[in-house]
Amino acid sequence: MRFKTHLFVPLIAALLAFVSCWPAQAADPVLSMSLGANAASFNQSSHLPSDFELGGTGSASLSPHISGVGSLFFGVSRTYLRGSAGMRVTATDVNDPNFSIGLGLQYQVCSEADLRPQEWAPDASIGWRPCPEMMPRVSVGAQGSYGLDSGTAMLLLAVRYSLPRF
Amino acid sequence: MKFIDILIRLFGLSANELRSLLERVAASGTDAAGLAAEWLKKLDEVVAPEALGRLASEIVRELGDIAAGKFDGRKHPSDGI
């Protein structure tokens, strides 16, 4: 099943531009930035991990369910840079700060096109803070995404440390 | 194609990939196997068509709020993944 991804480009770009330019009023978006590491698996490899990644993520929660998200990671073994930006919708209890499942659509780019092509990719992500009292800034999670043009998947097991300022 | 149909197809693709990862972890017999099985159950709940239908109506309403400049952000661990 293939989607005509060019149909999404103007829609998402307009939404992101609109949101980023709009002045905050009664309440500001909740901004978050994290440092993190991933065990990543690509379609070409059946085992996990096929690489380890180091990098960071950023997000702006605009409403109870809708967030803008982005990430930049460096592949340690194959020495690549991979980035993504898009929107994510929280599909679980929006008032639970310790567990959530997000469903989103991101545009991804990678310095190694053979590894990850430049394309739109829907993703499903799970985030969990295992010890909110002892380690409130540490979370773990998993993510699966599917490239709409290439039809290839990427899987992540992740650990994150939320930066104190956020 | 309706908005909800697009959501079901898009999120179904990514959820299938995440499901395959969690199934591998759940079958691994490691300490994380039980946790992965629990997450699998929750994932299946949120990508059920009726759950996505409810979510789609929330998205439409909240997009209107955002367009009106009304922000109401929350902390979501999955946003940082």
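For the structure, see preceding data.
Summary of the structure given here. (Residues numbered from 1 in each chain as written. Chains lettered and ligands numbered in written order. Predicted model: local features only at pLDDT ≥ 70, side-chain atom pairs only at ≥ 80, totals over all residues. Heavy atoms only, no water.)

**A few points about unusual backbone geometry**
Excluding glycine, a negative phi dihedral is what most residues carry, and trans is how most peptide bonds are arranged.
Thinking step 1. Look at threonine 79 of chain A: it is not a glycine, yet its phi comes out positive at around 45 degrees.
Thinking step 2. Topologically, threonine 79 of chain A is positioned in the loop between strand 3 (66-75) and strand 4 (80-90). (Helix = DSSP H or I, 4+ residues; strand = E, 2+ residues; numbered from the N terminus.)

**Section: the environment of glutamate 50 of chain B**
All names here are of chain B.
Thinking step 1. Locating glutamate 50 in the fold gives a position in helix 3 (residues 49-67).
Thinking step 2. With a relative accessible area of 53%, glutamate 50 lands in the exposed category.
Thinking step 3. The spatial distance from the C-alpha of glutamate 50 to the C-alpha of isoleucine 8 is 9.9 Å, given a sequence separation of 42 residues. (Buried < 20%, exposed > 50% of the residue type's maximum accessible area, 1.4 Å probe, protein only.)

**A few points about the sheet that holds strand 5 (residues 99-110) of chain A**
Thinking step 1. Strand order around the closed barrel formed by eight strands is 1-2-3-4-5-6-7-8 (chain A), with antiparallel pairing between neighbours. For this sheet the average axis-to-axis angle between neighbouring strands, irrespective of direction, equals 30 degrees.
Thinking step 2. Here strand 5 of chain A runs beside strand 6 (residues 119-128) of chain A; their pairing, made up of 10 bridges, is antiparallel. By the bridge assignment for strand 6 of chain A, tyrosine 107 of chain A is matched with tryptophan 120 of chain A.
Thinking step 3. Running at roughly 125 degrees to strand 7 (residues 138-146) of chain A, helix 1 (residues 3-26) of chain B makes contact with strand 1 (30-42), strand 5, strand 6, strand 7 and strand 8 (153-162) of chain A of the sheet.
Thinking step 4. Packing against the sheet, helix 3 of chain B makes contact with strand 3, strand 4 and strand 5 of chain A, and its axis sits at approximately 100 degrees to strand 3 of chain A. (Pairing = 2+ DSSP bridges. Axes fitted to C-alpha atoms, helices over the stretch in contact; angles between N-to-C directions. Contact = heavy atoms within 4.5 Å.)

**Description of the interface of chain A and chain B**
Thinking step 1. If you look at the interface, chain A gives 69 residues, while chain B gives 41 residues.
Thinking step 2. Between chain A and chain B, a total of about 4,900 Å² is buried, with carbon and sulfur atoms accounting for 70% of that surface.
Thinking step 3. Along the contact surface separating chain A from chain B lie zero salt bridges.
Thinking step 4. Linking chain A to chain B there are 15 residue pairs in polar contact (both at pLDDT 80 or more).
Thinking step 5. Classifying every residue of the side of chain A that touches chain B gives 39 nonpolar, 24 polar and six charged. (Buried area = accessible area lost by both parts, 1.4 Å probe. Salt bridge = Lys/Arg side-chain N within 4 Å of Asp/Glu carboxyl O. Polar contact = N/O pair within 3.5 Å; in protein donor to acceptor, adjacent residues only side chain to side chain. Nonpolar A, V, L, I, M, F, W, Y, C, P; charged D, E, K, R; others polar.)

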